[in-house]
Amino acid sequence: MRRSPCRKGRPTKVLRLLAEKYPTKESVYEKLIYLQSQLSLPKGVEHFMSDLHGEYDSFFHILNNCSGVIREKVDYVFGERLSPEEKAEFCTLIYYPKEKIEQMTDAHKNTPEWYRRNLSQLLELSKLMSYKYPASKVNGFIPKRFESVIVELMNTRPEADHAQFLYHKRLLSTIVQIDSGADFIQAFTVLIKRLAVDRLHIVGDFFDRGNRPDAILNRLMKHPSVDIQWGNHDVLWMGAALGSETCIAAVVRNSLRYDNTDVLERGYGISLRPLSAFAARIYPDERPIRAAERAVTMMMFKLEGQLIRRNPDFQMDSRLLLDRIDFRSSCAVLGDGRRYELENAYFPTIDSAAGDPYQLTAEEQEILEDLRSYFVESAVLQRHVDYLYQKGSLYTRCNGNLLFHGCVPLEEDGSLRTICYGGRAYRGRQWFDFCEDMAREAWLHGGGHALDFMYFLWCGRLSPLSGREFKTFERALIADESTWKEPSDPYYRYIDQVETCEMVLREFGLDPKRGHIINGHVPVKVRKGESPVKAGGRAIIIDGGFCKAYHKKTGISGYTLISNSRGLRLLEHQHIANVREALRENHDIESVSETVELQSCRTTVGDTDEGRLIQDEITDLYNLLLAYQNGLLKPSE
Ligand SMILES: O=P(O)(O)OC[C@H]1O[C@](O)(COP(=O)(O)O)[C@@H](O)[C@@H]1O
Ligand SMILES: [Mn+2]
């Protein structure tokens, strides 16, 4: 319900506050005209990515070339006027201006003419790409120190009039003459990248597998417009940073397993030395990294077991497997009642005679305490985790779409699954909200139950970020691969059905006919003919394997989903160049574009979430104008 501008002949508090901001009628006119016209502009471009898994090189290139959109715009603007080689070279300059200029300088090719030509092309491209933004917004995208000159250049009309042509030429030649060409090129490239992507959404899983999640986060923290939906690997690291020893053991294990301990040791200053020394002593025949992995895996199973026992609501009892090992015969009896032979059946840290296999040894406890202090004291890790909490959430509703990493737990019949927790029943959105509250509780108040919950979110069968029964024990200790298969939530089967997508969208308060569900988490096996587009485009799973470890499985190098004013488009990246390749041969991303949805009429800002906020502001401003006009408030002169 809209507020009335006055209460019993007195202006409301909102109106009085607004009058402080817009004290004259003219200031209200100005703002109203600006806001009203903004509603009719095409909606800004949103890019979605997920499952970056520490692949910094790919991420850095994608961020610089805006998933290939810049090259498309360059093609559009310069068409036949530039040769393919010239366009490729120009694109590299936009992606990596500093490095490209250095390269040109080293080769003595950075002539005044080179600067003038490139500046003029950058200007032309910027002019075209700014068509969907109000001028004031464009100005805000320009690095401050260059704003006035670039704004002046953007306003020239060399094609309209000879005097303007001369003026434009003089502006460019002066920039070059006074040796500021390199700085202005860089400023233009910042503007162009900002114009290409209005908002970036990352649908989870920054960490594990690849080796530079820390560099990805450092880079992202400078990004002006991003939101994050947490992935299961992210919450695992968040739990570790908050001091959960179970999460810490799992993080260390993952890093060792993928041979990327650099991120821990160099990125976050977490020493693995005591663990490695301990492991070398108890598994003397193993390679050091494998020995450390084995040692920490056992610590993880023990801690996980204790955690599952003290949290029956997690419903993870099927993961209590250490007590199912028969240490004499080196077999384990799994849930199916069958005996399976164990690989590497040597358990020096378990005192099988003592009774409780989940008991840590004194030495293990010491190592974990030492690791814990490294995790909670790592300033860089703490900064990254704070950022994930500030920019992230379990799910996001944005412009009618629903974004989350994993799944909405469903029953076998496809209806929303009811989950009993702490004596209460949850389903659908309530369950998501509860899970998010718990994750925030762990951050705000630390310790205890909420911290255990972070581990549940990482691998719990009922966690919206996992939706799978992890078979870590089997994968680590049992040779029979039939035991490795991880049963997953019915969601992953039902998501291909339109009715399921509509039910989920409705559950989250979105228009079931117009919204989309955007997920990550499950690598799409393109090679096997699997498609990321589900239920005719109502759901899109964009885990395309940025992670090199998954390239064999997926057959591609990642996806970017793009939502612009005309609909939804999916870019399937076949190959993503890196800085070195780009500079050496102007190599770029190779992508195939697929239209997921084409709208009959263009979406405008008025149709977006931002548009709704603008509309509210317009109503308030109209009320203020009315109050000025009918004398309820007196405007300043
Ligand atoms: O969220 P993601 O990337 O699927 O990762 C979780 C998966 O990784 C695993 O831990 C497997 O890891 P490994 O491939 O290293 O054995 C699975 O148990 C689990 O399903
Ligand atoms: Mn995941």
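Residues numbered from 1 in each chain as written. Chains lettered and ligands numbered in written order. Predicted model: local features only at pLDDT ≥ 70, side-chain atom pairs only at ≥ 80, totals over all residues.

Going by an unreviewed UniProt entry, the protein carries the name Fructose-1,6-bisphosphatase class 3 and comes from Selenomonas montiformis. Its UniProt record, at the heading Cofactor (unreviewed entry), says of the protein: "Mn(2+)". Of the protein, the UniProt comment under Catalytic activity (unreviewed entry) reads exactly: "beta-D-fructose 1,6-bisphosphate + H2O = beta-D-fructose 6-phosphate + phosphate". (UniProt positions renumbered as here; feature names shortened; annotations may be inferred.)

Trainee: In this structure, what is going on with the overall build of the protein? I would like to understand it.
Mentor: Within the protein, the regular secondary structure consists of 27 helices and 19 strands. Residues counted as buried form 43% of the 637 residues belonging to the protein. A fraction of 69% describes how many contacts in the protein between residues 6 or more apart in sequence connect residues 24 or more apart. (Helix = DSSP H or I, 4+ residues; strand = E, 2+ residues; numbered from the N terminus. Buried ≥ 20, exposed ≤ 12 C-beta atoms within 10 Å, placed from the backbone. Contact = placed C-beta atoms within 7 Å.)

Trainee: What is the right way to read the site of ligand 1 from this model?
Mentor: Around ligand 1, a shell composed of Asp205, Asn232, His233, Arg257, Arg468, Phe470, Lys471, Thr472, Arg475, Glu486 and His521 is seen. Taken together, the elements giving at least two residues each to the shell around ligand 1 come down to α13 (232-241) and α22 (472-477). For the shell around ligand 1, the class distribution of residues is one nonpolar, four polar and six charged. (Near = placed C-beta within 6 Å. Nonpolar A, V, L, I, M, F, W, Y, C, P; charged D, E, K, R; others polar.)

Trainee: What am I meant to see in the pairing of strand β5 (residues 226-229) here?
Mentor: On a regular strand, one side chain projects to one face of the sheet and the next to the other, so that they alternate. For strand β4 (residues 199-202) and β5, the ladder comprises three bridges, and the chain directions are parallel. Considered in β5, the bridge of His201 is made with Asp227. As a crossover connection, the stretch from β4 through helix α12 (residues 213-220) into β5 is right-handed. (Pairing = 2+ DSSP bridges. Right-handed = clockwise from strand over helix to strand, strands pointing away.)

Trainee: Any chance you could explain helix α16 (residues 273-282) here in plain terms?
Mentor: Counting along an α-helix, one turn takes 3.6 residues, and residues three or four places apart therefore face a common direction. Residues Leu275, Phe278 and Ala279 constitute the buried set of α16. Projected down its long axis, α16 shows its buried positions confined to an angular sector of 100°, all on one face. Counted as exposed and oriented over 90 degrees from the buried face of α16: Arg273, Ala277 and Arg281. On its buried side, α16 packs onto α14 (245-257), α17 (288-310) and α18 (362-377). (Arc of directions from axis to C-beta.)

Trainee: Explanation requested: the environment of Pro464 in the structure shown.
Mentor: For Pro464, the position within the fold is in the loop between α21 (448-459) and α22. The spacing of Pro464 and Lys127 is 337 residues in sequence and 44 Å in space, taken between C-alpha atoms. Leaving out residues up to four positions away in the same chain, Pro464 has contacts with Leu394, Phe404, Gly406, Cys407, Val408, Pro409, Trp431, Phe432 and Cys435.

Trainee: Help me understand the sheet that holds strand β7 (residues 331-333), please; the structure alone is not making it clear to me.
Mentor: Two orientations exist for strands paired in a sheet by backbone hydrogen bonds: parallel and antiparallel. Judged by pairing direction, the sheet is antiparallel, and its three strands sit side by side in the order β6-β7-β8 without closing on themselves. Among the strands making up the open sheet, the edge pair consists of β6 (325-326) and β8 (339-341). Of the strand pairs in this sheet, β6 and β7 are connected by two bridges, and their pairing is antiparallel. Within β7, the position partnered with Asp326 by the bridge is Cys331.

Trainee: Is there a simple way to explain helix α11 (residues 181-196) in this structure?
Mentor: Counted at 1.5 Å a residue, the expected span for α11 with its 16 residues is 22 Å, and the 22 Å between its end C-alpha atoms agrees. In terms of burial, α11 is largely enclosed, as twelve of its 16 residues are buried. Along α11, the residues classified as buried are Gly181, Phe184, Ile185, Ala187, Phe188, Thr189, Leu191, Ile192, Lys193, Arg194, Leu195 and Ala196. (Expected span 1.5 Å × (residues − 1).)

Trainee: Help me out: how do you make sense of the sheet that holds β4 in this one?
Mentor: Pairing is mixed across the open sheet formed by seven strands, whose spatial order is β9-β5-β4-β3-β17-β18-β19. With one partner strand each, in any of the chains shown, β9 (392-393) and β19 (590-598) form the two edges of the open sheet. Pairing of strand β17 (residues 559-564) with strand β18 (residues 567-575) involves six bridges; the strand directions are antiparallel. Residue pairing across strands places Tyr559 opposite Glu572, the latter belonging to β18.

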